[in-house]
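Spelled out, the chains give:
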Amino acid sequence: MIKVRGAVTVNTDRCKGCNLCVVACPTGTLALQRSEVNDRGYHFAYMANPENCTGCCSCAWVCPDACIEVYRVKTEA
Amino acid sequence: MNLCDTMELEEIIREENKVYAVPELLDQSVHMHYCPGCSHGVVHKLISEVIAELGITDHTVGVSPVGCAVFAYNYIDVDWVEAAHGRAPAVATALNRLWPENVVFTYQGDGDMSAIGTAESIHAANRGENIVMVFVNNAIYGMTGGQMAPTTLIGQKTATTPYGRRVDLNGHPLEITNLMPLLDGTCYVTRQSVHTPAAARKTKACLKKAFENAIAKRGTSVVEVVATCNSGWKMSPEKANEWMAEHMFKVYPLGDLKDTTKEQ
Ligand SMILES: Cc1ncc(C[n+]2csc(CCOP(=O)(O)OP(=O)(O)O)c2C)c(N)n1
Ligand code: SF4
Ligand code: SF4
Ligand code: SF4
Ligand SMILES: [Mg+2]
């Protein structure tokens, strides 16, 4: 069986915590930091459930501040 | 548990596995000044990608508007001229006529295109200038604090229509993009949005077609992006997207309004 796994990186410095990537993610991978903020005071996005990510890029397409890069691997299990 | 489940993040996050990179042309050394969740950022990204993919970076000139996108020239790394409010299509006309080898696009808000710049926009399109007009319609004057624009919906509350826009007092929403297909100078007129991944992908394809038209000198292409101004609308970015889909798409339905490239 071919299994797809993904991962994203978030440029936490650029992130404005708008939550649009969290809404767009179909797998519940992302969340906003609850207590931590960046230099501008924004609760930045992070992979709260990294094992869910499929690398579908939905989050990256809707991010207005170009913070997200996406990685994907296919493995035969 | 198979191999994939145990895979460490460091094994996935490797250059060779990258499937989405931030656009090269979007200057990462500056922070965009837009409010969190503002549609302008997504549109900037798509334009950056299209210009890079078409290989026209070194001879593309943008004309930035007055409006929240006034600083677009700081973000997308091509040549730019900043126009007075509403005058972007006139400036773009000059740029393209004086240096026809350039690919020229305007970036205009709804205040810019459908209020102060109505004449310039309609006439550039009617003359069939070989330019792309990117029209970001958020139904409000974002930059100046959320006043009513000609595009504001009936009933929509803004700083200058605190009880909602009224037809008897404020007139009807101006659907300026609907006028564009009537003009013989336009070759491509479309209305899109960027609120979902699918919508953003579609808009990118439309922008690409529009820039290809400019390269091929087919006339004027107008790409309207129905957009949000969550600050001006006083909503969260997420709610603003929902409100837009529910209310704006009724007045500004998405889709192509004219495409002469299909007829050829
Ligand atoms: C000649 C002139 N008139 C008026 C203004 C004030 N002004 C600045 S931005 C703006 C409206 C911007 O709205 P829009 O074009 O919709 O852009 P947005 O900020 O919503 O993206 C106005 C009226 C100006 N700067 N110059
Ligand atoms: S790539 Fe897809 S699955 Fe992964 S975080 Fe982004 S939206 Fe979610
Ligand atoms: S969409 Fe972008 S700016 Fe908004 S929270 Fe996600 S990463 Fe941050
Ligand atoms: S005021 Fe509105 S259009 Fe301007 S940056 Fe903020 S959300 Fe965007
Ligand atoms: Mg506006």
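Residues numbered from 1 in each chain as written. Chains lettered and ligands numbered in written order. Predicted model: local features only at pLDDT ≥ 70, side-chain atom pairs only at ≥ 80, totals over all residues. Heavy atoms only, no water.

Draft legend 1. Representation of the side chain of Asp259(B). Residue and element names in this part refer to chain B. On the secondary structure map, Asp-259 appears in strand β8 (residues 255-259). At a separation of 2.5 Å, a polar atom in the side chain of Asp-259 contacts the side chain of Lys-209. For Asp-259, the side chain forms a polar contact with the side chain of Thr-261, separated by 2.4 Å. Ignoring sequence-local partners within four residues, the contact set of Asp-259 consists of Cys-187, Tyr-188 and Lys-209. (Helix = DSSP H or I, 4+ residues; strand = E, 2+ residues; numbered from the N terminus. Polar contact = N/O pair within 3.5 Å; in protein donor to acceptor, adjacent residues only side chain to side chain. Contact = heavy atoms within 4.5 Å.)

Draft legend 2. A look at the site of ligand 1. Residue and element names in this part refer to chain B. The full set close to ligand 1 counts 16 residues, and Cys-68, Asp-110, Gly-111, Asp-112 and Gly-142 are the nearest of them. Protein coverage of the free-state accessible area of ligand 1, which is 590 Å², stands at 72%. No other element matches helix α5 (residues 110-116), which puts four residues into the shell around ligand 1. By residue class, the composition of the shell around ligand 1 is six nonpolar, eight polar and two charged. (Near = heavy atom within 4 Å. Areas by Shrake-Rupley, 256 points an atom, 1.4 Å probe, with all protein chains shown as cover. Nonpolar A, V, L, I, M, F, W, Y, C, P; charged D, E, K, R; others polar.)

Draft legend 3. Highlighting the pairing of strand β2 (residues 60-64) of chain B. Residues and elements named next belong to chain B. Most of β2 is tucked away: five of the five residues are buried. Residues Thr-60, Gly-62 and Ser-64 line one face of β2 and the alternating positions Val-61 and Val-63 line the opposite face, and both faces are buried. Bridge count for β2 against strand β4 (residues 103-109) is four bridges, and the pairing is parallel. If you follow Val-63 over to β4, its bridge partner there is Thr-106. (Buried < 20%, exposed > 50% of the residue type's maximum accessible area, 1.4 Å probe, protein only. Pairing = 2+ DSSP bridges.)

What is shown is where atoms sit, not what they do.
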